[in-house]
Amino acid sequence: MPAFTATAPGKVILFGEHAVVYGEPAIAVPVQTVQSRVVISPVLSGRPGEIRIEAPDISLTTYLKDLETDHPLRVAVSVVVNSQGLEKIPACLIQITSTIPLAAGLGSSAAISTALIRALSGFLGKRMTDEEVSKAAFEVEKIHHSTPSGIDNSVVVFQQPVYYQKGNPLEFLPIKNPFSILIAGSGAPGDTRKAVTDVRDSWLANQDRYNKIFSEIGRVSRTARELIMGGNTQELGPLMDQNHHLLQELNVSTPKLDQLAEAARNAGALGAKLSGGGLGGCLIVLVSDEAKAVQARLLEEGAEDVFLTPVGRPLSPSQIE
Ligand code: PMV
């Protein structure tokens, strides 16, 4: 039984987070600049079912059986093992590494689950289709917060820009005119679970107001889809600003994210918004020629890990910094 390796990219949500949980459309794109990687190797001296995990990026070295039963890694393994109708799997070592910052809104959990599910199904000799991997990764996403929309696993598994609306077939979004965004860490971890729970509590307390905000966000996502399909990507900036303001109304932004967004706009960016669950995490900034100046300003303002990533075209070596 040979070793098996799989990778999965990070992602950002360009438009529509939170509202997507309530049935509105959202747009997400893969971020190939960062990746999760899982290598599964047989341990010939081990007993069947003995699974060792090494994940240095999260300081985890353990046997799978010693993890809580609802630990995402344990659930990911069970989903694959059950889908293959197996009782036990051959002894193996699962090595997980990732360059995707954790709790940044960059999809690290979906990427790790995806790479693990892919590698394990390959290791066990029955590679799952992308649809099957996405479905399995969605099961794991439920642990991170109980009501995931499904957008994270969709974009990470299929590695293509997606226009996603719960209950509708997944739509891949052709990017007619590629563009670039800066991704900037706010210096504080995001908390998707808390953000999603807080938004739900607020929605339950005031459905009229929150439904209006969700449908405004949905309108922004629909307009963005038209602009992207028509090649008018430079016009996405004001829509990103609008989306950020609507996320502020949902109370999922932070003073730091707001400050960084303002600084980016003042430095000439075309638009900026938080991305992902919020309460920390990252900001995405639409840039053209002024990317370097905006990047410098964001770093001056205390942003962390500011990097440029292309949307709709492959990476060039100079873009990997
Ligand atoms: O924080 P992230 O990158 O997992 O994004 C969460 C996006 C939400 O819309 C807030 C939740 C969801 O499941 O769609």
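Up top is the structure.
Residues numbered from 1 in each chain as written. Predicted model: local features only at pLDDT ≥ 70, side-chain atom pairs only at ≥ 80, totals over all residues. Heavy atoms only, no water.

(A) Expanded view of the layout of surface pockets. Considered as a void within the structure, the largest pocket measures approximately 770 Å³ in volume. For the largest pocket, the lining is made up of 43 residues, of which Ser109, Glu141, His144, Asp152 and Thr192 are closest to its centre. Among the secondary structure elements, those contributing two or more residues to the lining of the largest pocket are strand S1 (4-15), helix H1 (72-83), helix H2 (108-123), helix H3 (130-144), helix H4 (151-158) and helix H5 (192-205). A total of five residues in the lining of the largest pocket trace back to one element, the largest contributor, which is H2. Looking at the lining of the largest pocket residue by residue, the class counts come to 18 nonpolar, 19 polar and six charged. There is about 350 Å³ of room inside the second largest pocket. Gly49, Glu50, Ile51, Leu64 and Lys65 are, among the 16 residues lining the second largest pocket, the residues nearest its centre. A per-element tally of the lining of the second largest pocket places H1 first, with five residues. (1 Å grid on protein atoms, 1.4 Å probe; cavity = no way out; pocket = protein on both sides within 12 Å on 5 of 7 lines; lining within 4 Å. Points joined across faces, edges and corners; volume = space filled by probe spheres on them. Helix = DSSP H or I, 4+ residues; strand = E, 2+ residues; numbered from the N terminus. Nonpolar A, V, L, I, M, F, W, Y, C, P; charged D, E, K, R; others polar.)

(B) Expanded view of helix H9 (residues 291-300). Three or more residues of H9 are buried, namely Ala291, Val294, Gln295 and Leu298. Projected down its long axis, H9 shows its buried positions confined to an angular sector of 100 degrees, all on one face. Summarising the geometry of H9, the exposed residues directed more than 90 degrees from the buried face are Lys292 and Glu300. Residues of H9 that are buried make contact with strand S8 (179-185), helix H8 (255-266), strand S10 (282-287) and strand S11 (304-311). Looking at the residues trailing H9, positive phi occurs at glycine 302, about 100 degrees. (Buried < 20%, exposed > 50% of the residue type's maximum accessible area, 1.4 Å probe, protein only. Arc of directions from axis to C-beta. Contact = heavy atoms within 4.5 Å.)

(C) Region of interest: the site of the ligand. Inspection of the region around the ligand gives 16 residues, with Lys11, His18, Ser149, Thr192 and Gly277 positioned closest. Within the side chain of aspartate 152, an N or O atom sits 2.9 Å from an oxygen atom of the ligand. For the ligand, an oxygen atom lies 2.5 Å from a polar atom in the side chain of threonine 192. One can see that the ligand is located within the largest pocket. Mapped by element, the contributors of at least two residues to the shell around the ligand are S1, H4 and H5. Tallied by class, residues from the shell around the ligand come to six nonpolar, seven polar and three charged. (Near = heavy atom within 4 Å. Polar contact = N/O pair within 3.5 Å; in protein donor to acceptor, adjacent residues only side chain to side chain. Sits in = over half its atoms within 2 Å of the grid points.)

(D) Geometry of the side chain of glutamate 290. With respect to the helices and strands, glutamate 290 occurs in the loop between S10 and H9. For glutamate 290, a relative accessible area of 18% translates into the label buried.

(E) Just the packing of aromatic side chains, in detail. The full count for this structure, using the stated rule, is four aromatic pairs. Between the aromatic rings of tyrosine 22 and tryptophan 203, the centroid separation amounts to 5.1 Å while the plane-to-plane angle is 55 degrees, which identifies the pairing as tilted. With tyrosine 22 in the loop between S1 and strand S2 (26-42) and tryptophan 203 in helix H5, this pair connects stretches of sequence that are 181 residues apart. Where tyrosine 22 meets phenylalanine 214, the ring centres are 4.2 Å apart and the plane angle is 10 degrees; that geometry is what we call stacked. Separated by 192 residues along the polypeptide, tyrosine 22 in the loop between S1 and S2 and phenylalanine 214 in helix H6 (residues 207-230) bring together distant segments of the chain. By relative accessible area, phenylalanine 214 is classed as buried at 1%. What links up through ring pairs into an aromatic cluster is the set Tyr22, Trp203, Tyr210 and Phe214. Its end group placed over the ring of tyrosine 63, arginine 52 keeps NZ or CZ at 4.7 Å from the ring centre. The residue whose ring lies beneath arginine 225 is tyrosine 163, and the NZ or CZ to ring-centre distance is 4.9 Å. (Phe/Tyr/Trp six-rings, centres within 6.5 Å; stacked < 30°, edge-to-face > 60°. Lys NZ or Arg CZ within 6 Å of the ring centre and 35° of its normal.)

(F) Region of the structure containing the environment of alanine 272. As for its position among the elements, alanine 272 is in strand S9 (residues 271-275). Counting along the chain gives 97 residues from alanine 272 to isoleucine 175, while the straight-line C-alpha distance between them is 19 Å. Among residues more than four places away in sequence, those in contact with alanine 272 are Met240, Asp241, His244, Ala261, Ala264, Arg265, Ile284 and Val285.

(G) Looking closely at unusual backbone geometry. In this model, histidine 18 sits at a positive phi of 70 degrees, which is unusual for a non-glycine residue. Phi is positive for aspartate 305, which is not a glycine, with a value near 50 degrees. Note on placement: aspartate 305 falls in strand S11.

(H) The arrangement of H3 in detail. Given a rise of 1.5 Å per residue, 15 residues ought to cover 21 Å, and the 21 Å separating the end C-alpha atoms of H3 matches this to within 8%. Taken together, the buried positions of H3 are Val133, Ser134, Ala136, Ala137, Val140 and Glu141. Projected down its long axis, H3 carries its buried residues within an arc of 165 degrees, all on one side. Turned more than 90 degrees off the buried face of H3, the exposed positions are Glu131 and Lys135. Looking at the buried residues of H3, the elements they touch are H1, H2 and H4. (Expected span 1.5 Å × (residues − 1).)

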